[in-house]
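Summary of structural features
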Amino acid sequence: MKFCLIVGLSLLVSCSMRVVETGFLNTATGKIPIDSMGITLIHEHMLVDFIGADSVSPARYNQEEVIAKVLPYLIEVKKYGVKTIFDCTPSYLAKDPVLLKKLSEQSGIRLVTNTGFYGAVDNKYLPDFAFTETAEQLSQRWIEEFENGIGDTGIKPGFIKISVNEESTLRGVDAKLVKAAGLTHQKTGLQIVSHTGTWATASQEVAILKEMGLDPSAFVWVHAQAEQDFQNYMIAAKLGAWISLDGIGWSVDEYVDRLLYAKEKGFLDQILISHDAGWYDPSKPNGGDFQPFTNIFEKLMPALNSKGFEEADWEMLLEENPVRAFGISN
């Protein structure tokens, strides 16, 4: 899909369809053809509760209060032509598929939820059984969500969200989560999205998946903006892994050089971008300060356009790459 940039407003809207793919994506409101994803933000959060796996509960927030806070921000980003947003809040951090369905119905933006478990922050967000069950048993839980829906909601995940701790050698439970994600991908085709950080850790995850016979293109290296050695982006791209630069809601400057480097070296087609913004937090009055989903359109685009970025580059980053990364074959 081509994008029209309206000078002065930095407004992004779709103009004409160019990319045609086959396959589907699960959203909170049902399955959609992947060629209808449109402009997509691949890493955002509507609601996150950091209290821990042993205490998280839907009783800690009111859905209607969350909707009242979050909905205006979805309406705001919709004016830039955004059609699909991936909500990366994992299980045991207040993942709420029904909330996403309501927000989607009221905003007109398709929201995508996930399956998987979050191992970072010293395993604070892992349920007890994650330490005792095998990778195969964990994977079966996630496959069940793909096949029959999350809990009793009937809502199916559109990707696998895991995370690991940043260490020189992955600890046992983290490696198990990666293997469970690999097994789930083999069965479902869902993309593996792993909160990671530097390539030193991400490369270990890719190695596990390769040992299982998976292509690195099944893996999204989340928070890759933490990597300081740009040469490692080249290594990941040559392997075929997806490089996710996804904290743009909080700053812009550090992304300019990374994206210019990716374009110069010819691997912009392996890059995913998003804000990691939002964050209604039940522990704070009125959910705390909610970060908008607009920095890409209002700040990053003008900065990069002044340095030679063109419509085709934004088309690739915001539509073509998400389709290639997340579409599931029919």
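Look up: the structure comes first, before these words.
Basis of the calculations
- Residues numbered from 1 in each chain as written.
- Predicted model: local features only at pLDDT ≥ 70, side-chain atom pairs only at ≥ 80, totals over all residues.
- Heavy atoms only, no water.
- Helix = DSSP H or I, 4+ residues; strand = E, 2+ residues; numbered from the N terminus.
- Buried < 20%, exposed > 50% of the residue type's maximum accessible area, 1.4 Å probe, protein only.
- Polar contact = N/O pair within 3.5 Å; in protein donor to acceptor, adjacent residues only side chain to side chain.
- Contact = heavy atoms within 4.5 Å.
- Salt bridge = Lys/Arg side-chain N within 4 Å of Asp/Glu carboxyl O.

Moving on, we get to the side chain of S91. By the secondary structure assignment, S91 is in the loop between β6 (82-87) and α2 (97-107). Judged by its relative accessible area of 9%, S91 is buried. One polar contact links the side chain of S91 to the main-chain carbonyl oxygen of G116, over a distance of 3.4 Å. Beyond its immediate stretch of four places on either side in the chain, S91 contacts N114, G116, F117 and Y125.

Turning our eyes to something else, we now look at the pattern of salt bridges. Tallied over the full model, the rule gives 9 salt bridges. For E145, the salt bridge identified is with K95, shortest N-O distance 3.7 Å. Note that E145 is positioned in helix α4 (residues 135-148) and K95 in the loop between β6 and α2, a separation of 50 residues in sequence. On the basis of relative accessible area, K95 is assigned to the buried category, the value being 15%. Taking the shortest distance from any N to any O, the salt bridge between D174 and R171 comes out at 3.9 Å. A relative accessible area of 0% places D174 in the buried class. A single network of salt bridges, built from pairs that share partners, joins D122, E167, R171 and D174.

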